[in-house]
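Residues per chain are reported as follows:
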Amino acid sequence: MFDKKDRGKFKYTFAHWCAYQMTALNLGIWKFKYLFHDFEKPWLMLLWRDYSRVQKWHRSHNAHHMEYEGPWDAEAMLIDWECSRHTKSASPMVARETYFYFINYKYKGTRWEERLKNEIYPVLETIFKEKA
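Residues numbered from 1 in each chain as written. Predicted model: local features only at pLDDT ≥ 70, side-chain atom pairs only at ≥ 80, totals over all residues. Heavy atoms only, no water.

S.K.: Pulling in residues and values, what's your account of the layout of surface pockets?
M.R.: Of the volumes computed, that of the largest pocket is approximately 740 Å³. Lining of the largest pocket is provided by 31 residues; of these, Arg59, Lys88, Ser91, Phe102 and Lys106 occupy positions nearest its centre. Split by residue class, the lining of the largest pocket holds 12 nonpolar, 9 polar and 10 charged. (1 Å grid on protein atoms, 1.4 Å probe; cavity = no way out; pocket = protein on both sides within 12 Å on 5 of 7 lines; lining within 4 Å. Points joined across faces, edges and corners; volume = space filled by probe spheres on them. Nonpolar A, V, L, I, M, F, W, Y, C, P; charged D, E, K, R; others polar.)

Take a look at the structure:
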């Protein structure tokens, strides 16, 4: 498990990448494109040396984050939520718990609430149908 202070380090990035790959494999939904999950983050850290700047750029340029303005990659987003509990001490929830926390508390009444309900929930129900 890593704390927030560790997020900009390669060790954390690699551990998260491995957890992401294993989660996708265990769910039976792994795709070749997942090899490139968060690929740019260590390179941007080398260049910018500012994790908050890297994080902001990453979230606005990758469809597996809610800050992305284009169409979301719901499957990749859910894998990210599901695997985060293995590497982030601040993210102990599984994807289903994260989804319900977001729509009921964190993003209730925001621009993301309806998008979460319309774009993420159907995929959540498909991927985790046996885990409901």
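S.K.: Tell me about the packing of aromatic side chains, and please be specific about residues and values.
M.R.: In this structure the tally under the stated criterion is 14 aromatic pairs. Ring geometry for phenylalanine 32 and phenylalanine 36: centres 5.6 Å apart, planes at 70 degrees, overall edge-to-face. Judged by relative accessible area, phenylalanine 32 falls into the exposed class, the value being 56%. Through a chain of ring-to-ring contacts, three or more aromatic side chains come together here, namely Trp81, Tyr101, Phe102, Tyr105, Tyr107 and Trp112. Positioned above the aromatic ring of tryptophan 48 is the side chain of arginine 53, whose terminal nitrogen or guanidinium carbon lies 3.9 Å from the ring centre. Taking NZ or CZ as reference, arginine 115 lies 3.9 Å from the ring centre of tryptophan 72, over its face. (Phe/Tyr/Trp six-rings, centres within 6.5 Å; stacked < 30°, edge-to-face > 60°. Buried < 20%, exposed > 50% of the residue type's maximum accessible area, 1.4 Å probe, protein only. Lys NZ or Arg CZ within 6 Å of the ring centre and 35° of its normal.)

S.K.: I'd like a rundown of a nonpolar patch on the surface, residues and numbers included.
M.R.: Taken together, Met22, Leu25, Trp30, Phe32, Leu35, Phe36, Phe39, Trp43 and Leu46 make up a surface patch of nonpolar side chains, about 980 Å² in accessible area. Broken down by secondary-structure element, the contributors of at least two residues to the nonpolar patch are helix H1 (10-27) and helix H2 (40-48). (Patch = residues over 30% accessible without salt bridge, like charges linked within 9 Å, V, L, I, M, F, W, Y side chains within 5 Å. Areas by Shrake-Rupley, 256 points an atom, 1.4 Å probe, with all protein chains shown as cover. Salt bridge = Lys/Arg side-chain N within 4 Å of Asp/Glu carboxyl O. Helix = DSSP H or I, 4+ residues; strand = E, 2+ residues; numbered from the N terminus.)

S.K.: Let's hear about the packing of helix H4 (residues 74-83) against helix H5 (residues 95-106): which residues, and what values?
M.R.: Between H4 and H5, whose axes approach to 7 Å, the crossing angle comes to 105 degrees. Our classification of the angle between H4 and H5 gives roughly perpendicular. Residues Leu78, Trp81 and Glu82 of H4 form the contact with H5, whose own contacting residues are Ala95, Thr98, Tyr99 and Phe102. Grouping the constituent residues of the contact of H4 with H5 by class yields 5 nonpolar, 1 polar and 1 charged. (Axes fitted to C-alpha atoms, helices over the stretch in contact; angles between N-to-C directions. Parallel < 35°, antiparallel > 145°, perpendicular 65-115°, else oblique. Contact = heavy atoms within 4.5 Å.)

S.K.: Hey, could you go over H2 for me, with residue numbers and the actual values?
M.R.: Looking only at H2, the buried set comprises Glu40, Lys41, Pro42, Leu44 and Met45. Arginine 49 lies just past H2 and shows a positive phi near 55 degrees.

S.K.: Lay out the pattern of salt bridges in plain terms, naming residues and giving numbers.
M.R.: The full count for this structure, using the stated rule, is 12 salt bridges. Put simply, lysine 33 and aspartate 73 hold a salt bridge, and the shortest N to O gap is 2.7 Å. One end of the pair, lysine 33, is in the loop between H1 and H2; the other, aspartate 73, is in the loop between helix H3 (51-61) and H4, with 40 residues separating them in the sequence. Here glutamate 119 makes a salt bridge to arginine 115, at a shortest N to O gap of 2.8 Å. Of this pair, glutamate 119 and arginine 115 both sit in helix H6 (residues 111-127), 4 residues apart, which is roughly one turn of the helix. Residue classification places glutamate 119 among the partly exposed residues on the basis of a relative accessible area of 28%. Members of the salt-bridge network, linked through shared partners, are Asp3, Lys5, Asp6 and Lys9.

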